[in-house]
Amino acid sequence: MVSRVVPQTAAGRRRVELAAVAGMTGAVLFVSVFTVLGWLQPGYSSASMFVSELSLGPFGWVQILNFVLTGTLVLAFGRGLAAHFSTGAASRAGPVLVQILGASLIVSGPFTTDRSAMFEQASISGIVHGVFGALVFTCAPLICFVFYRRFRRDAVWHPMAGWTLAAGVVLILGVVLLKTSQQPDSGLFEWKGLVQRILLVTFMAWIFTVASRLRHQYRDSGENTPPAER
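Residues numbered from 1 in each chain as written. Predicted model: local features only at pLDDT ≥ 70, side-chain atom pairs only at ≥ 80, totals over all residues. Heavy atoms only, no water.

**Considering empty space enclosed by the protein**
Thinking step 1. Going through the model one piece at a time under the given rule, you end up with 2 cavities of 30 Å³ or more.
Thinking step 2. The volume enclosed by the second largest cavity comes to roughly 70 Å³.
Thinking step 3. Lining of the second largest cavity is provided by Leu 101, Val 136, Phe 137, Ala 140, Pro 141, Leu 171, Val 175, Leu 199, Leu 200 and Phe 203.
Thinking step 4. Of all the secondary structure elements, the ones that give two or more residues to the lining of the second largest cavity are helix H4 (124-151), helix H5 (161-181) and helix H6 (192-223).
Thinking step 5. The element best represented in the lining of the second largest cavity is H4, accounting for 4 residues.
Thinking step 6. Looking at side-chain class alone, the lining of the second largest cavity contains 10 nonpolar, no polar and no charged residues. (1 Å grid on protein atoms, 1.4 Å probe; cavity = no way out; pocket = protein on both sides within 12 Å on 5 of 7 lines; lining within 4 Å. Points joined across faces, edges and corners; volume = space filled by probe spheres on them. Helix = DSSP H or I, 4+ residues; strand = E, 2+ residues; numbered from the N terminus. Nonpolar A, V, L, I, M, F, W, Y, C, P; charged D, E, K, R; others polar.)

Below you can see the structure in the form of C-alpha cells.
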C-alpha cells in the first residue's frame, strides 16, 4: 500500500501543511507550558501532582488556556490527517480519534480537576474533567495502534511504524501504572505526576514526529509544483 497522492490544488496542499504545523505547535506548546508552569507554581510538585492541578494555582488560567489552545491545534491536525489519509487503513478511525482527543483537551480546560483526583472526582467540574481526561488517555494508545496498521503497510510511512508501535505499548503500560499510582498505599503514589508526564510527553512526541513528516511531504511537493499550479 502507498499513501494517497498529495492533493493537486495549492489550496489543498496548503491546508494539510498548515494542519501539520498545528500538530507540531500543539505538541511543543503543551509540554513546554506545563513544564515551565510546574517550575513557577508555588508549592507544586511535578513528580507527585497531575498536570491538570496546575489549573488550580495562581497561574491556573495559563494551564486552562494551554488545554484549550493545544486541543484546538490537535483538532486541526486531525482534520489534516483526514484530508491526507482519505482511503485505506486508519483513514477514518485514526483522524476521528485524534479529533476526539483534541476536543477532550479543549473541554478539560474550563472544567478544572479536583486536587489529586484524576480518577475520583467529586465536584461537577471535576467529574466532567475526569470523563474527558479519561477519553484523552484512552484515545492516545488507540491512535497509535490504529495508525500502526497503516504505517506498517505504507512504503512512505513505514519508517514510522516501529516508533508508533512502541509509543502505543508505552502508553498502554503507562495508563495501567497511572491507575495504580492513584492508590495511596501504592509505592508510585508520590510519583503519579511523573508517570502522567511520561505518558503525555510520549504521545505529544508522537504527534510532533507524525506532523513533521506530514509537513515535509507537502512542503517538498509544493516546491516541485509548476509555477502555473501554485
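**Section: H5**
Thinking step 1. Taking 1.5 Å per residue, 21 residues should reach 30 Å; H5 reaches 30 Å between its end C-alpha atoms and fits that length.
Thinking step 2. Taken as a whole, H5 has its buried residues at Ala 161, Thr 164, Ala 167, Gly 168, Leu 171, Gly 174, Leu 178 and Ser 181. (Expected span 1.5 Å × (residues − 1). Buried < 20%, exposed > 50% of the residue type's maximum accessible area, 1.4 Å probe, protein only.)

**Focus on the confidence of the model for the protein chain**
Thinking step 1. Mean pLDDT over the protein chain stands at 89; residues scoring 70 or higher make up 89%.
Thinking step 2. Taken as a whole, residues 224-230 scores under 50 in pLDDT and shows 9 contacts with residues more than four places along the chain or in a different chain. (pLDDT = per-residue confidence, 0-100. Contact = heavy atoms within 4.5 Å.)

**Brief notes about a nonpolar patch on the surface**
Thinking step 1. There is a patch of nonpolar side chains on the surface, built from Val 36, Trp 39, Leu 40, Phe 59, Trp 61, Leu 65 and Leu 69 and spanning about 770 Å² of accessible area.
Thinking step 2. Tracing the backbone shows Phe 59 in the loop between helix H1 (10-40) and helix H2 (60-84).
Thinking step 3. Among the residues examined, Phe 59 registers a relative accessible area of 34% and is labelled partly exposed. (Patch = residues over 30% accessible without salt bridge, like charges linked within 9 Å, V, L, I, M, F, W, Y side chains within 5 Å. Areas by Shrake-Rupley, 256 points an atom, 1.4 Å probe, with all protein chains shown as cover. Salt bridge = Lys/Arg side-chain N within 4 Å of Asp/Glu carboxyl O.)

**Thoughts on the nonpolar core**
The tendency in soluble globular proteins is for nonpolar side chains to be buried side by side.
Thinking step 1. Judged by nonpolar contacts, the single largest core of 49 residues is most densely connected at Leu 101, Ile 143, Phe 147, Phe 151, Phe 203 and Trp 206.
Thinking step 2. Elements represented by at least two residues in this core include exactly H1, H2, helix H3 (93-108), H4, H5 and H6.
Thinking step 3. The biggest single contributor to this core is H6, with 11 residues.
Thinking step 4. Sequence-distant contacts of Ile 143, defined by excluding residues within four places in its chain, comprise Leu 97, Val 98, Leu 101, Phe 203 and Trp 206. (Core = buried A, V, L, I, M, F, W, Y, C linked by side-chain atoms within 4.5 Å.)

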